[in-house]
Structures are given as structure tokens and as C-alpha cells.
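Here are the chains, one letter per residue:
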Amino acid sequence: MTAHDWYIENRAAFVARSLEPVEERTFRDHLGRCDQCTREVARLERELAWLPMAVTPVAPAPDFVRRMATAILDRPARWRRHVPLAAAAGLALVAAGTALAARSEGRDLRVALVARETRLMALEDTLSVLRRANMVLQTRISMDGYPQGGMLIFQEAVSHRWGVIVHGLPPAPSGSKYQFWFITESGMVRSVEVAASMQRPAFMTLPMPGVAAPVMGAALTMEPMVDGSSEPQGVTLAHVVF
Ligand SMILES: [Zn+2]
């Protein structure tokens, strides 16, 4: 294995943001010197542009921990069984998985390997919410009366989770934050803060709120940073009721 093979094997892992911080720095340095890797990474990033990368599910599926443990203890056969994902993502993750398997010699790598696989499986779990969604809602976000990006809600009925994507929203003004709310029959229920960036959509995997009242919709508001009140105090940016 030449030194460059390591870069070739880890291109997909780099794009999937699943390298360790030190490795990621090494890889990034290399990109500055290698046209071939730069081209390949750009191609992979184009193919996977629709994927929200490096996400950790807020609410793992009930069988997530078991599947993760099984896959880690009994590789690679079981690992393969959990692939494929959606076509493009599947290819990249299989490539990443193969690269990981090839590097599994050496106890020092074991911990890093498990951490990386955990992240890849977290990504798979998160993607499953999108793939199995039985309803997708799209709503426009408006700021100061002007359209500014949008919000997509994927409802998945099997594990009762939502995948929520917020795109095209600038970072919240200082002292403010974006807040996601569930609208239920008994009122609004505070969910998560949305970290917005124009470069990359914000992605969240959310469990249903722990209230008995049925969920009727969702809202996105701008709230004061320090505020923790149970009802929105700020401006409503998006509001959708089913
Ligand atoms: Zn290279």
C-alpha cells in the first residue's frame, strides 16, 4: 500500500465527514497538493450534495443500538446487510465501509473504527426517516415579509419521528435563535433550536413531543437567545398545519 492509497481509500469517508479530526486535517492538507483527489472529492460531493452529512439522530430508532452493536461485533457480513441505502449514498458508504474494514488491523484503530461506524450507522438511521417517510410537507420561510428559504418535514410513521430540513436561512442575528415548535391540540410545544447556515441545510431528526395531545403542525420562530418560555415570544417565520 503506497502512501497515496490511504487518500484514495478515504475519499468517501472524507466526503461523509467520518474521518477523525487529525485524519481530516491530513486529508485536507493533501487536497491542496493533489488535483486527482480534489477532482474525485468534488465529484463525490456533487453526487452526495442532497445528503445532510455528519448528522447525529436526536432520537435513535428503537432497534438502532442493537443493530449498531450487531454490525460492529459481527463484521463484515452484517455490515453489508445494513447497506444499501439510497443509491448514491450506498455506493459511497460501501466504499467507506470497505476502507474501514481494510484498516481494521491494529488495536489502536479499533476505537476510532467503532466511532466511525457508529457515525455511519447514525447517518443510515437518519436517512431511514427520509426514505420511509409516509408524508412530506414543504413550507416557505419568510423573514420581514420576504421569502427566505424553506422548511421540509418528513413524517415517518413506523418509529414516529420527523426529519426536518431547514434551508436558505441566514444565521440568526446575535442575541437571537431559531426555534422549532410542534403545534398540538393543547398548544405549542418547544422542540429544538435550529442552527442555520446559508452553506448547508440544517437537519434534525425529532421524536414526537411527549404530550398526549395530537400533533397538528409545526412552526419556526425567532426567539431571544436566553428565552426558555413555553410559548413563542418572537416572530413566526414559518407555520404549517396539516
Ligand atoms: Zn491524492
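Rules used throughout
- Residues numbered from 1 in each chain as written.
- Predicted model: local features only at pLDDT ≥ 70, side-chain atom pairs only at ≥ 80, totals over all residues.
- Heavy atoms only, no water.
- Donors = N, O, S within 2.8 Å, 3.2 Å for Na, K, Ca; no water.
- Tetrahedral: all angles 85-135°; square planar, octahedral: opposite > 155°, others 65-115°.
- Buried < 20%, exposed > 50% of the residue type's maximum accessible area, 1.4 Å probe, protein only.
- Salt bridge = Lys/Arg side-chain N within 4 Å of Asp/Glu carboxyl O.
- Helix = DSSP H or I, 4+ residues; strand = E, 2+ residues; numbered from the N terminus.
- Pairing = 2+ DSSP bridges.
- Axes fitted to C-alpha atoms, helices over the stretch in contact; angles between N-to-C directions.
- Core = buried A, V, L, I, M, F, W, Y, C linked by side-chain atoms within 4.5 Å.
- Phe/Tyr/Trp six-rings, centres within 6.5 Å; stacked < 30°, edge-to-face > 60°.
- pLDDT = per-residue confidence, 0-100.
- Contact = heavy atoms within 4.5 Å.

K.L.:
Is there a simple way to explain the coordination of the zinc ion in this structure?
P.N.:
Geometry reference: four tetrahedral donors at a metal, ideal angle 109.5 degrees. Six octahedral donors, ideal angles 90 or 180 degrees. For the zinc ion, every protein donor is listed as H4 (NE2), H30 (NE2), C34 (SG) and C37 (SG), and the spread of their distances is 2.0 to 2.3 Å. Every donor counted, the four donor atoms about the zinc ion form angles of 106 to 113° at the centre, which fits tetrahedral coordination. All donors of the zinc ion come from a single chain, and their spacing in sequence reads H-x25-H-x3-C-x2-C. Like H30, the residue C34 is buried in the burial classification.

K.L.:
Sorry, what's going on with the pattern of salt bridges here?
P.N.:
Proximity of charged atoms lets side chains of opposite charge pair with each other. Within the structure shown, the criterion is met by three salt bridges. A salt bridge links E40 to R43, with the shortest nitrogen-to-oxygen separation between them at 2.8 Å. Here E40 and its partner R43 are both found in helix α4 (residues 35-47), three residues apart, which amounts to about one turn of the helix. By relative accessible area, E40 is classed as partly exposed at 25%. In this structure, the salt-bridge partner of E156 is R132, at a minimum N-O distance of 3.5 Å.

K.L.:
It is not clear to me how the sheet that holds strand β6 (residues 202-207) should be interpreted in this structure. Could you clarify?
P.N.:
Strands pair in a sheet through their backbones, by hydrogen bonds, and they do so in one of two ways: parallel or antiparallel. Spatial strand order, β1-β2-β3-β6: four strands in an open sheet with antiparallel pairing. The open sheet has two free edges, formed respectively by β1 (135-143) and β6, since each of these has just one partner strand. Each strand of the sheet is rotated relative to its neighbour by a mean of 20°, with strand direction disregarded. Pairing analysis gives six bridges linking strand β3 (residues 161-167) to β6, with the strands arranged antiparallel. Looking across to β6, one finds that W162 is bridged to L206.

K.L.:
When you look at the nonpolar core in this model, what are you seeing that I'm missing?
P.N.:
It is characteristic of soluble globular proteins that their nonpolar side chains tend to be buried jointly. If you look at the biggest cluster of nonpolar residues, it comprises 24 residues, and the most contacted ones within it are M151, I153, V164, V166, Y178, F180 and L220. Listing elements by their share of this core, those giving two or more residues are β1, β2 (146-156), β3, β4 (176-184), β5 (187-194), β6, β7 (215-224) and β8 (235-241). Formed by 12 residues, the second largest nonpolar core is a distinct cluster that contains A13, F14, L31 and L44.

K.L.:
Is there a simple way to think about the packing of aromatic side chains in this case?
P.N.:
Aromatic rings considered in pairs are described by the distance between their centres and by the relative angle of their planes. Summed over all chains, the structure comprises eight aromatic pairs. Summarising the aromatic geometry, the rings of W162 and F180 are spaced 6.4 Å apart at their centres and angled 80° between planes, so their arrangement reads as edge-to-face. Here W162, found in strand β3, pairs with F180, found in strand β4; they are 18 residues apart in sequence, far enough to count as distant. Take W162: its relative accessible area is 4%, and that puts it in the buried class. Here F180 falls in the buried class, since its relative accessible area comes to 0%. Aromatic rings pair up to connect W6, Y7, F14 and F27 into one cluster.

K.L.:
What is the right way to read the confidence of the model for the chain from this model?
P.N.:
Do not read the fine detail of predicted coordinates wherever pLDDT is low. Looking at the chain as a whole, its pLDDT mean stands at 76, while 71% of the residues score no less than 70. Here residues 51-58 scores under 50 on pLDDT; set against residues more than four positions off or in separate chains, the count is 22 contacts.

K.L.:
Even after reading the chapter, I still don't get the pairing of β7, so can you show me in this structure?
P.N.:
Consecutive side chains of a regular strand alternate in pointing toward one face of the sheet and then the other. Most of β7 sits inside the fold, with seven of its 10 residues counted as buried. In this sheet, β7 lies alongside β4 in antiparallel orientation, the contact comprising nine bridges. Residue pairing across strands places S176 opposite P224, the latter belonging to β7. Bridge analysis of β7 against β8 gives six bridges, and the strand direction is antiparallel. Across the sheet, residue M222 finds its bridge partner in β8, namely V235.

K.L.:
How should the sheet that holds β7 be read in this particular structure?
P.N.:
Reading across from one edge, β5-β4-β7-β8 is the order of the four strands in this open sheet, with antiparallel pairing throughout. The sheet terminates laterally at β5 and β8, the two strands that pair on one side only. Sheet twist, expressed as the average angle between the axes of neighbouring strands with direction ignored, equals 20°. Summarising the sheet, β4 and β5 pair through six bridges and their orientation is antiparallel. Its bridge partner being in β5, F182 is matched across the sheet by V189.

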